[in-house]
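What follows is the residue order along each chain.
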Amino acid sequence: MDLEFRGSVIKQVESILHEAIKAGVSDIHIEPYEKKYRLRYRIDGVLQEVSSLQFNQKDAMVSRIKVMADLDIAEKRRPQDGRIKFRSKDGNEIDIRISILPTQHGEKVVLRILDKSQLQLKLESLGFDEEILKDFRKAIHNPYGMVLVTGPTGSGKTTTLYAALNELNTQEVNITTIEDPIEYNLEGINQTQVHEEIGLTFAHALRSILRQDPNIIMVGEIRDKETAEIAIRSALTGHMVFSTLHTNDAASAVSRLVDMGVEPFLLASSIRMVMAQRLVRKICSNCKAEYKPDLQILKDIGLQANGTYWTGEGCEACNHTGFKGRTALIELLVFDNTITEKILQNADAGELKIIARENGMTTLREAGIEKVKNSVTTVEEIYRETVL
């Protein structure tokens, strides 16, 4: 590789990183195909194609990224993961997580940008409604018990838990987390990285943490029965435990844990609240305009065709997408006496949801409809992210 070619590749990688950080990108996808080398950015949860890169640079670009992440440049047959520290043009140090995956036409690279300066660590900044924020705060300030946050990857679960931990982080308490991976370094909180290849699993790390005199524990994700049971017993023995699950709604978290083999009486005794969360894009305030949504979508959601609805037309401020920023849709299942009794009777997720709605729970779809009525987001966003 001649020096001029190598220099151009180094400059291009740095240019891509600077541009992505400036645009508020969460993930960069560099993808090789048979006759194309594609660059895409994930902005506000949606991938957008930016450009086609020079096809003859694909191996050199991957090698440059591997060098920056201290990975093996000779290994092209196996996936590799790493991290790099990168300084943005405004002087902030950005943590970037690297994932490299061999594909049919070369190695695909995904770079996740973790900009701590953009991390919202105050609960008020997460977009929760006043009543939901009040109920959530009440749950996390319990001296012991468990709070679960559910949702798919990219729904903001970790950010919500980090904000909760930040609020509880004082000199009087010992907070310890088990994560895979650690996304952000939090001052004053002891964070442990899972390493399954050496046997340091969530369950193994959690057992060790319990000997560290913790007050508050965050388990990055409950994936198996062993982790679930240790976490729940920790909540029953004087610890406040936070964790996440991958379920579609709040009520399904109970069924998921029961399916793992956890006894219903343990769930009824330990869990204080389950929060289901989604993120939807907000209409750009700079190019907001009235529009007519698809009639079938309106019917499916349960909205009137003669209502007033808003979208973004696209402008420079929102990169011509019509959206800028995201807001949270929240569904809170509070474990009151009615819910715990139903759990002890082995009620399924459907029954729990019916009871919770009778008690005043707002579903994700209903929360989304309220955002549409308040002109925060579009009908299509709610249709895409929620179900009945």
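To be clear, the structure that these remarks concern was listed above.
So, a few notes on the structure that sits alongside this text. (Residues numbered from 1 in each chain as written. Predicted model: local features only at pLDDT ≥ 70, side-chain atom pairs only at ≥ 80, totals over all residues. Heavy atoms only, no water.)

**As for the packing of helix 3 (residues 130-140) against helix 4 (residues 157-168)**
Then, number 1: As a packed pair, helix 3 and helix 4 sit with axes 11 Å apart at the nearest point and diverge in direction by 60 degrees. Here helix 3 is positioned oblique relative to helix 4, judged by the angle of their axes. For the element pair helix 3 and helix 4, the recorded crossing hand is right-handed. Each of Phe136, Arg137 and Ile140 in helix 3 lies in contact with helix 4, whose residues at this interface are Thr160, Ala164, Glu167 and Leu168. (Axes fitted to C-alpha atoms, helices over the stretch in contact; angles between N-to-C directions. Helix = DSSP H or I, 4+ residues; strand = E, 2+ residues; numbered from the N terminus. Parallel < 35°, antiparallel > 145°, perpendicular 65-115°, else oblique. Left-handed = near helix turned anticlockwise from the far one by under 90°. Contact = heavy atoms within 4.5 Å.)

**Some thoughts on a negative patch on the surface**
Then, number 1: Among the surface-exposed residues, Asp129, Glu130, Glu131, Asp135 and Glu370 lie close enough to one another that they form a single negatively charged patch.
Then, number 2: No other element matches the three residues that helix 3 contributes to the negative patch. (Patch = residues over 30% accessible without salt bridge, like charges linked within 9 Å, V, L, I, M, F, W, Y side chains within 5 Å. Areas by Shrake-Rupley, 256 points an atom, 1.4 Å probe, with all protein chains shown as cover. Salt bridge = Lys/Arg side-chain N within 4 Å of Asp/Glu carboxyl O. Lys, Arg positive; Asp, Glu negative; His and termini not counted. Charge placed at Lys NZ, Arg CZ, Asp CG, Glu CD.)

**Let's talk about the environment of Ala20**
Then, number 1: Position of Ala20 relative to the elements: it lies in helix 1 (residues 3-23).
Then, number 2: For Ala20, a relative accessible area of 0% gives the class buried.
Then, number 3: Taking C-alpha positions, Ala20 is 17 Å from Arg64, a pair spaced 44 residues apart along the chain.
Then, number 4: Setting aside chain neighbours within four positions, we find Ala20 in contact with Val25, Ile28, Tyr41 and Ile113. (Buried < 20%, exposed > 50% of the residue type's maximum accessible area, 1.4 Å probe, protein only.)

**Details of the nonpolar core**
Then, number 1: Core analysis: the biggest nonpolar cluster contains 56 residues, and Met146, Ile222, Leu257, Leu333 and Val379 have the highest contact counts within it.
Then, number 2: Setting aside anything within four residues of it in sequence, one finds Leu257 in contact with Leu148, Ile222, Ala228, Leu245, Val262, Leu267 and Ile271.
Then, number 3: Grouped together as the second largest cluster of nonpolar side chains are 32 residues, Ile132, Val149, Leu161 and Ile189 included. (Core = buried A, V, L, I, M, F, W, Y, C linked by side-chain atoms within 4.5 Å.)

**Here we look at the state of the cysteines**
Then, number 1: Across all of its chains, the model carries zero disulfides by this definition.
Then, number 2: With no disulfide of its own, Cys287 lies closest to Cys315 among cysteine sulfurs, the gap being 3.7 Å.
Then, number 3: What makes Cys287 buried here is its relative accessible area of 8%. (Disulfide = S-S within 2.5 Å.)

**With respect to the packing of helix 10 (residues 337-344) against helix 11 (residues 349-358)**
Then, number 1: One way to put it is that helix 10 packs onto helix 11 with a least axis distance of 10 Å and a crossing angle of 165 degrees. The angle between the axes of helix 10 and helix 11 places the two elements in the roughly antiparallel class. Taken as a pair, helix 10 and helix 11 cross one another with a handedness that is right-handed. On the side of helix 10, the interface is formed by Thr338, Ile339, Lys342 and Ile343, while helix 11 contributes Leu352, Ile355 and Ala356.
Then, number 2: Residue classes in the contact of helix 10 with helix 11 are distributed as five nonpolar, one polar and one charged. (Nonpolar A, V, L, I, M, F, W, Y, C, P; charged D, E, K, R; others polar.)

**Some points on helix 6 (residues 225-236)**
Then, number 1: Here helix 6 spans 16 Å end to end across twelve residues, near enough to the 16 Å set by a 1.5 Å rise per residue.
Then, number 2: Within helix 6, the full set of buried residues consists of Thr227, Ala228, Ile230, Ala231, Ile232, Ser234 and Ala235.
Then, number 3: By the N-cap criterion, in which a side-chain oxygen at the helix start approaches the backbone nitrogen of a residue two or three places on, helix 6 is capped by Asp224, the distance to Glu226 being 3.2 Å. (Expected span 1.5 Å × (residues − 1). Polar contact = N/O pair within 3.5 Å; in protein donor to acceptor, adjacent residues only side chain to side chain.)

**What to know about the pairing of strand 7 (residues 145-150)**
Then, number 1: Here strand 7 lies mainly inside the structure; six of its six residues are buried.
Then, number 2: Burial along strand 7 is two-sided: the residues Gly145, Val147 and Val149 and Met146, Leu148 and Thr150 are all buried.
Then, number 3: Bridge count for strand 7 against strand 11 (residues 240-245) is six bridges, and the pairing is parallel. Note that in strand 11 the partner of Met146 across the bridge is Val241.
Then, number 4: With five bridges joining them, strand 7 and strand 12 (residues 271-283) adopt parallel strand pairing. Bridging from a neighbouring strand, Val149 pairs with Met275 of strand 12. (Pairing = 2+ DSSP bridges.)

**Examining the environment of Ile301**
Then, number 1: Considering the arrangement of structural elements, one finds Ile301 in helix 9 (residues 295-301).
Then, number 2: Residue class for Ile301 comes out buried when judged on its relative accessible area of 6%.
Then, number 3: Each C-alpha atom of the pair Ile301 and Val387 lies 8.6 Å from the other, and the pair is 86 residues apart in sequence.
Then, number 4: The contact partners of Ile301, leaving out residues within four places of it in the chain, are Arg365, Ile369, Val379, Ile382 and Tyr383.

**Concerning the sheet that holds strand 8 (residues 175-179)**
Then, number 1: Strand order in this open sheet of seven strands is 9-8-10-11-7-12-15, and the pairing throughout is mixed. For this open sheet the edge positions go to strand 9 (190-193) and strand 15 (323-334), each flanked by a neighbour on one side alone. In this sheet, adjacent strand axes meet at a mean angle of 20 degrees when their direction is disregarded.
Then, number 2: In this sheet, strand 10 (residues 216-219) lies alongside strand 8 in parallel orientation, the contact comprising four bridges.

**Describing the environment of Asn248**
Then, number 1: One can find Asn248 in the loop between strand 11 and helix 7 (252-260).
Then, number 2: In this structure Asn248 comes out as exposed when scored by relative accessible area, which is 59%.
Then, number 3: Taking the C-alpha atoms as reference, Asn248 lies 7.4 Å from Pro152; in sequence the two are 96 residues apart.
Then, number 4: The contact partners of Asn248, leaving out residues within four places of it in the chain, are Arg278 and Leu364.

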